[in-house]
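Per-entry structural report
The chain contents come next:
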Amino acid sequence: MTYAKVIVDVPSKETNRPYDYVIPPKLSGWVEIGSRVGVPFGPRILQGFVVGLHQEAEVDAARIKPIAEVSDSEPPLTPELVKLSRWMSKTYLCHDITALQAMIPGALKAKYERYIQAAEGVTSPQSAVEHGVFAGGEMTGNGQGILFESETLERESILRYVIAKGPVKTEQLLLKFEGQATLIKQMLLSGQLTEAQVIKDRLSQKKVLTVYPNENKNEIRAYLDKLPANAKRQKDVLDYLLLHHEPVKLADLLAELDLSASTVKSLAEKGMLIIREADEFRNPYEGRDFTPTLPMLLTPQQQIAYDAIRQDLDDRIHRTYLLQGVTGSGKTEVYLQTIQRTLDAGREAIVLVPEISLTPQMVERFKGRFGDQVAVLHSRLSQGERYDEWRKIRAGQVTVAIGARSAIFAPFTKIGLIIIDEEHESSYKQEESPKYHAKRVAIERACAHDAVVVLGSATPSLETFYQTKSDLHGVPVRLSGGEPAIRLITMSERVAGRPMPEVKIVDLREELKAGNRSMFSRELYSAIETRLHKKEQTVLLLNRRGYSTFVMCRSCGFVAGCPHCDISLTYHQRSRNLRCHYCGYAEREPEVCPDCKSEHIRFFGTGTQKVEEELGKLFPGIRVIRMDVDTTTEKGSHEKWLTQFRNKEADVLLGTQMVAKGLDFPDVTLVGVIAADTVLNLPDFRAGEKTFQLLTQVAGRAGRHHLPGEVVIQSYSPEHYSIEHASRHDYDSFVMQELGMRKERGYPPYCRLILITMSHEHIPVLVQIGEALANTLRERAGAAREGEPSFEVMGPVASPIPRIKDRYRFQCMVKYREESAAIEAVKAVLASFESRVKPHKIQISVDVDPQILM
DNA sequence: AGCACGCCGACT
DNA sequence: GTCGGCGTGCTC
């Protein structure tokens, strides 16, 4: 007998283990490691993943139930990914099911639906009596005649409804007969009604009604000519079809022309069009031509990088590289050619890019080189589109996957190369469970495939840079010795020897002293003016973080805050209301200060809108494209704005972080940073690093082509080392200084962190549990190794955001070194606290290697 | 996470 | 005397 070990879709501690199931004969051959299955679990059927096949079961054979169904013809996960999920749940302390589900597209996440229908043979209330199942009222011993009567009526009406409607979703039935839940339960118990449960994929293979115009345009024209003058609606439709002459969704057509379906139907009868169900249109890049690009001749530095990586690819050994290349040094071409080498050897490649820089330009370059060998995965795709791209990978129809963080789980089986571009980006860390870092996952996967990992960046994260050394500031990087974990390849020259742009730092304090209260310094003002004259373009960066649009009263200093979270509300111009980013609370924009009734309440935080306004005042007629969350939520809007800017339909591209990454416009010769220190003031030990990275990235947008570039950085703290080093494009000096600071203060990369956050409605409960938890951890730390503790525990302290959704938040920080048993200790201690935590409904979340310390 | 089983207060 | 409150405990 073969048994399957199944992880079921219940993310809780008690069920976080495999359950044994029998594989029934009819499913033999369909159940593999990685299969998605439906299994009976207690009273219901749940989705689960097969993580093992065994000849023997661990429990009494009598208790073991059979697998009910197999969801896919081919398992969505490979054995390698199943194994990886175990590693993830151990490394990041999450449930196995959470790790498994992170690896499949959202479309495959289970949706459970329950349906109620009348018992078999029951076709009317009378027949229910005949079937002898209508005795419930008397059986309960309810002697009250009147109540019995009304209950009978209710039963009849429910039964009639269910019989008429066929299977009804349980929740719908309960909604329809509100307050009759008990009765319905009784009817289920007595057998008049039966309930069935099904597992559905979140994605319904959606068929949509689609209008196909008559192929022959002339027939349409002929009909149009004969149309009576009062048939305006029909005329609208036909005009539309003549103009577009391609299939269109019926719903879209109706909305577009504001008409009812009957008009279209009558045209269908006349043979002018056909309405039928079609698979929803789902190739996001369908019909787009990608200009094929040929490999370019490599510069000497590119060649060195290529040769090193190629050697390991050919030898099929796992290694991790840090490809540190200044902006414009041509990292992408190295990626492309090493990928080519990988494909030539019959292996596959994964390319990760930050979501924000997964621009059409980027996709074009890969599609241009590798054509339909490329699958693209990013959040702008609909769930269905993403599922389709994912299926191409699983089916082996493509060999290159390019995408954001989760693309690291691309279900390839012969991975040769994994590239992580802009490896320093914090978006590679998932902030929800499983709180994995794509970089670590990449290295783990690469080990399993003997694949090469290439981390690319102009401004590598300190953690990565640190690992390219054997020791730094007198501290050995690896306690176990040996060569550095990551090999460093540097590309210090820009392609074609273009110089780095000149960077000027403007001290905004001096501007204020000189009487300039505008947000543009004189320097930046005249630089923009010059560009307008020369018809060159400008990119302006406004760092939104720390600059967000809160509301403050200038009379009394009142700041509008969320009543449920300790955070200020953000002003949204579009809806003219104030919203909380953490809990979604919204209120109307105040006209007077709620506190002192003053009218001097205003929206602070010069958002991009404010900058745009001021630009318009300073330079009448200036054409500005503004890119921020407000203007880029719509699908494809991102692309639209960039195309407009490329076509020189605007003089200035103004935006948040998203304008800093990866864009490449030939006529941009000026980059301005409105305020460089907004990030610096955040309570985050990485603030300096983030600032340096952002400034370096955005400076790299200027002068990438024949025209020389100029960068103006405005700041209130221009002497800060991260700003100074950035202005000189001097990563090495920055990194050494920053590392010195980290070592002194005991921060990564000299240690690693685990952030434990506890939340509860009442502070005293939190203080108590927090202290107890920290102390228990400290005891274990001391006990683990004699002399020096194996890890340190800080806190508990209130979290930087002390309250979210009416729950207070406290946190502890664990500092440890690679080889310590800190994670196991945290896991064990949390398990031992379970009995103290659960009854009080205290929530505890663990973040291993946190990127944000909130 | 559900859902059932199981022991104490407002009703007929 | 019952209905039903939600406190433990289990799910192959």
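You'll find chain A entered in an unreviewed UniProt entry as Replication restart protein PriA, with Paenibacillus swuensis given as the organism. The UniProt entry for chain A carries the following comment under Sequence similarities (unreviewed entry): "Belongs to the helicase family. PriA subfamily." Within the UniProt record for chain A, the comment given under Subunit (unreviewed entry) is "Component of the replication restart primosome."

1. As for the sheet that holds strand 20 (residues 486–491)
The sheet built from 7 strands is open, its strands ordered 14-15-13-16-17-12-20 with parallel pairing. Strands at the two margins of the open sheet, each flanked by one partner only, are strand 14 (374–377) and strand 20. Averaged over all pairs of adjacent strands, the angle between their axes in this sheet comes to 15°, without regard to strand direction. The strands that helix 15 (residues 383–394) touches are strand 14 and strand 15 (400–403); relative to strand 14, the one it contacts most, it runs at about 145°. In this fold helix 16 (residues 438–449) packs onto strand 12 (319–325), strand 13 (348–352), strand 16 (415–421) and strand 17 (452–457), with an angle of close to 165° to the strand it touches most, strand 16.

2. Some details on the protein's contact with DNA strand C
Near DNA strand C you find 13 residues, and of these D20, P40, G42, R63 and K65 are the closest. Among the atoms of DNA strand C lying within 4 Å of the protein, the sugar-phosphate backbone contributes 48%. In this structure, R17 approaches DNA strand C through a side-chain N or O atom, which is 3.3 Å from a base nitrogen. In the environment of DNA strand C, a phosphate oxygen lies 3.4 Å from a nitrogen or oxygen atom belonging to the side chain of Y21.

3. A short note on the confidence of the model for chain A
Of the residues in chain A, 91% have a pLDDT of 70 or more, and the chain-wide mean is 85. Helix 16 holds the highest mean pLDDT among the elements of chain A, 98, whereas helix 4 (residues 136–139) holds the lowest, 40.

4. As for helix 7 (residues 181–190)
For helix 7, the complete set of buried residues consists of L183, I184 and M187. Down the axis of helix 7, the buried set is contained in an arc of 100°. They therefore lie on one face. Across helix 7 from its buried face, at more than 90 degrees, point the exposed residues T182, K185 and L189. Following helix 7 by one or two positions, G191 has its phi on the positive side, about 95°.

5. Regarding the UniProt feature "binding site: Zn(2+) 1" (unreviewed entry) in chain A
Within the UniProt annotation, "binding site: Zn(2+) 1" (unreviewed entry) is assigned to C553, C556, C593 and C596. Spanning 44 residues, the named residues form one tight spatial group whose C-alpha atoms are at most 8.6 Å apart. Mapped onto the elements, C556 comes out in the loop between strand 23 (551–553) and strand 24 (570–572). What C556 contacts, discounting residues up to four positions off in sequence, is C593, D595 and C596. Among the structural elements, C593 can be located in the loop between strand 26 (586–588) and strand 27 (601–603). On the basis of relative accessible area, C593 is assigned to the buried category, the value being 0%.

Conventions and cut-offs
- Residues numbered from 1 in each chain as written.
- Chains lettered and ligands numbered in written order.
- Predicted model: local features only at pLDDT ≥ 70, side-chain atom pairs only at ≥ 80, totals over all residues.
- Heavy atoms only, no water.
- UniProt positions renumbered as here; feature names shortened; annotations may be inferred.
- Pairing = 2+ DSSP bridges.
- Helix = DSSP H or I, 4+ residues; strand = E, 2+ residues; numbered from the N terminus.
- Axes fitted to C-alpha atoms, helices over the stretch in contact; angles between N-to-C directions.
- Contact = heavy atoms within 4.5 Å.
- Near = heavy atom within 4 Å.
- Polar contact = N/O pair within 3.5 Å; in protein donor to acceptor, adjacent residues only side chain to side chain.
- pLDDT = per-residue confidence, 0-100.
- Buried < 20%, exposed > 50% of the residue type's maximum accessible area, 1.4 Å probe, protein only.
- Arc of directions from axis to C-beta.

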